[in-house]
Amino acid sequence: ESPKFSEEEVKKLNLKKIKTDIKDVLLIIEKTRKKKYFLEKIEKIIIIIQTIKNQTIWNTTCLTKNFKTINIKINAINKKLISSEIKSIFELKKSG
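Predicted model, so just to flag it, every value in this text is computed and none were measured. (Residues numbered from 1 in each chain as written. Predicted model: local features only at pLDDT ≥ 70, side-chain atom pairs only at ≥ 80, totals over all residues. Heavy atoms only, no water.)

Caption draft 1: Representation of the pattern of salt bridges. Taken as a whole and assessed by the stated rule, the structure comprises three salt bridges. A salt bridge links Lys79 to Asp24; the shortest N-O distance between them is 3.6 Å. Within this pair, whereas Lys79 is found in the loop between strand E3 (68-75) and strand E4 (81-88), its partner Asp24 is found in helix H1 (residues 22-36), the two being separated by 55 residues in sequence. Here Lys68 and Glu40 are joined by a salt bridge, their closest N and O atoms 3.5 Å apart. One end of the pair, Lys68, is in strand E3; the other, Glu40, is in the loop between H1 and strand E1 (42-52), with 28 residues separating them in the sequence. The class for Glu40 is buried, based on a relative accessible area of 7%. (Salt bridge = Lys/Arg side-chain N within 4 Å of Asp/Glu carboxyl O. Helix = DSSP H or I, 4+ residues; strand = E, 2+ residues; numbered from the N terminus. Buried < 20%, exposed > 50% of the residue type's maximum accessible area, 1.4 Å probe, protein only.)

Caption draft 2: Local environment of the side chain of Thr32. In this structure, Thr32 sits in helix H1. Ignoring sequence-local partners within four residues, the contact set of Thr32 consists of Tyr37, Ile72, Leu81 and Ser84. (Contact = heavy atoms within 4.5 Å.)

This is the structure we're talking about:
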């Protein structure tokens, strides 16, 4: 049996719709970090582009020196910040 990742079906990306690139995403991540999470130093960034609820987004997870993750979602068409949140790695639970 395949693992269940989400209730949503993964949809094919329409690459022609995407108006942002990695440079834009990295800039938005840094601006968000400076504004909301200025005490955190980012060590690694995981970036995924996906369609969720008919919206194409850059879904990013930043790992910090302080053992936290910053999750930032960015609209891939208009570059708008959709959401951001920070969590301690120790708060993450293994699901299943």
